[in-house]
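Each chain is listed here by its residues.
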Amino acid sequence: MSSSSTDQPTPAAYLPLLFGFALNQIAGTVSRLGIPDALGDSALTAEELAELSGAHPGFLLRLLRASATAGLLTVDAQGRFALTTLGGMYRTDSPVHAAPLDAMHASAPIWQAWGALEESVRTGKPAFDLVHGEGLFDFLKGAPELAPIFHNAMAAGSGVQLPAITSGFDFTGFKHVIDVGGGNGTHLAAVLAANPGLRGTVFDTTNGVQDAPGVLAAAGVADRCEIASGSFFESVPAGADGYLLKNILHDWDDASSKIILDNIKAGLAKGGRIVVFSSVLAEGRQNEDPMEALGAALFDIEMMVVTTGRERTLTEFEQLFAASGLKLAKVTPLPCPFLYHALEAVVA
């Protein structure tokens, strides 16, 4: 039985699927040309923007028209372009921080990895490894151009997540927390600043913590925070009653994640808790916002493309904890996009 034309998907439904790559490049190119910052709160013509950006006037005009049609810009009767609220996300002073994320996704190594998604699914190997012959984190050690772009993108994500963590999770039950894989201390500095009675330790590789002293001092929490270096695949500092894992386990497969959790469990003070901050896949929950669930699902595919890791459902987190002799004790939804939660695990 044939379907009538009224049963067919509309352009609104299929264009993002068929031409999502083009929309991404349109928005990204506008961003990388500096158009959002050049516009700010003003309205300028294509000729003025071409002069400011150094772009070809005719080609830029066509890009700006497409951007206006896509909802990033408006254009008035005099041909002056201005930012919409959506387009404003690409300003460097935007709290949404779209520009750093775009820069990462548009970088050649990441863009090429996404092109190998099909081979990744067929082989069960990360697309990044297939394209570049090594994993992302090893690649970054020898990629001076990509490394700062990648770290800026990660910091941009933290800029949205940190307020949600400090306002949405109760740290009052802890005396000393260790931020495992805490990098330059930005996350722990925010937590300590919001909880004056709390002590902390930021733990990461030697390179990872090299900027931590300055970050902690600038936040005014250096007197309550120690810095330790090492590999969480070998051991972690012992004795804290709280171990924080912010966006760490999603970088690693279950076997690697078990090693991390085993090492933390070995150092966990009696009665202590491990707190995992992560998106949690919807797993068919009917009350989730579809776009929130889609965002978490897209992050899961991104993990498949660029790492050995994954986003997980609540059931998968329970199984992961159980493999290390832990149990999920509490789940706290956080006021942050894409089903972000705090998952507390204790010794079973």
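Residues numbered from 1 in each chain as written. Predicted model: local features only at pLDDT ≥ 70, side-chain atom pairs only at ≥ 80, totals over all residues. Heavy atoms only, no water.

Caption draft 1: Up close: the packing of aromatic side chains. The tally for this structure, following the rule as stated, stands at 14 aromatic pairs. Through pairs of rings, three or more aromatic residues link up here, namely Phe137, Phe150, Phe232, Phe233 and Trp252. A cation sits over an aromatic face here: arginine 62 above phenylalanine 59, 5.2 Å from the ring centre. (Phe/Tyr/Trp six-rings, centres within 6.5 Å; stacked < 30°, edge-to-face > 60°. Lys NZ or Arg CZ within 6 Å of the ring centre and 35° of its normal.)

Caption draft 2: Structural detail: helix H13 (residues 254-267). Between its first and last C-alpha, H13 extends 20 Å over 14 residues, near the 20 Å set by a 1.5 Å rise per residue. Looking only at H13, the buried set comprises Ser256, Ser257, Ile260, Leu261, Asn263, Ile264 and Gly267. With its buried residues spanning 160° around the axis, H13 presents them on a single face. The exposed set on the far side of H13, more than 90 degrees from its buried face, consists of Ala255 and Ala266. (Helix = DSSP H or I, 4+ residues; strand = E, 2+ residues; numbered from the N terminus. Expected span 1.5 Å × (residues − 1). Buried < 20%, exposed > 50% of the residue type's maximum accessible area, 1.4 Å probe, protein only. Arc of directions from axis to C-beta.)

Caption draft 3: Spatial organisation of the sheet that holds strand S1 (residues 44-45). Taken together, the three strands give an open sheet; going across it, the order is S1-S3-S2, and neighbouring strands pair in antiparallel fashion. The open sheet has two edge strands with one neighbour each: S1 and strand S2 (73-75). Of the pairings in the sheet, the one linking S2 to strand S3 (residues 80-83) comprises three bridges and is antiparallel in character. Within the sheet, the bridge partner assigned to valine 75 lies in S3 and is phenylalanine 81. Set on the sheet, helix H4 (residues 57-69) makes contact with S2 and S3; between it and S2 the angle comes to about 105°. (Pairing = 2+ DSSP bridges. Contact = heavy atoms within 4.5 Å. Axes fitted to C-alpha atoms, helices over the stretch in contact; angles between N-to-C directions.)

Caption draft 4: Fine view of the side chain of asparagine 195. Considering the arrangement of structural elements, one finds asparagine 195 in the loop between helix H11 (186-194) and strand S5 (199-204). With a relative accessible area of 14%, asparagine 195 lands in the buried category. Excluding residues that lie within four positions of it along the chain, asparagine 195 makes contacts with Phe171 and Arg224.

Caption draft 5: Summary view of the packing of helix H3 (residues 46-53) against H4. Direction vectors running N to C along H3 and H4 enclose 115°, while the axes themselves pass 9 Å from each other. As H3 runs across H4, the sense of the crossing is right-handed. Residue-level contacts link Ala46, Leu49, Ala50 and Ser53 of H3 to Pro57, Leu60, Leu61 and Leu64 of H4. Of the residues that constitute the contact of H3 with H4, the class distribution is seven nonpolar, one polar and no charged. (Left-handed = near helix turned anticlockwise from the far one by under 90°. Nonpolar A, V, L, I, M, F, W, Y, C, P; charged D, E, K, R; others polar.)

Caption draft 6: Looking closely at the pairing of strand S8 (residues 273-281). Here S8 lies mainly inside the structure; eight of its nine residues are buried. Two elements, strand S7 (residues 242-246) and S8, share five bridges in a ladder whose sense is parallel. Paired with tyrosine 243 across the bridge in S8 is isoleucine 274. Remark: the S7/H13/S8 crossover connection has right-handed handedness. Relative to strand S11 (residues 340-347), S8 runs antiparallel, the two sharing six bridges. Along S11, the bridge assignment pairs phenylalanine 277 with alanine 342. (Right-handed = clockwise from strand over helix to strand, strands pointing away.)

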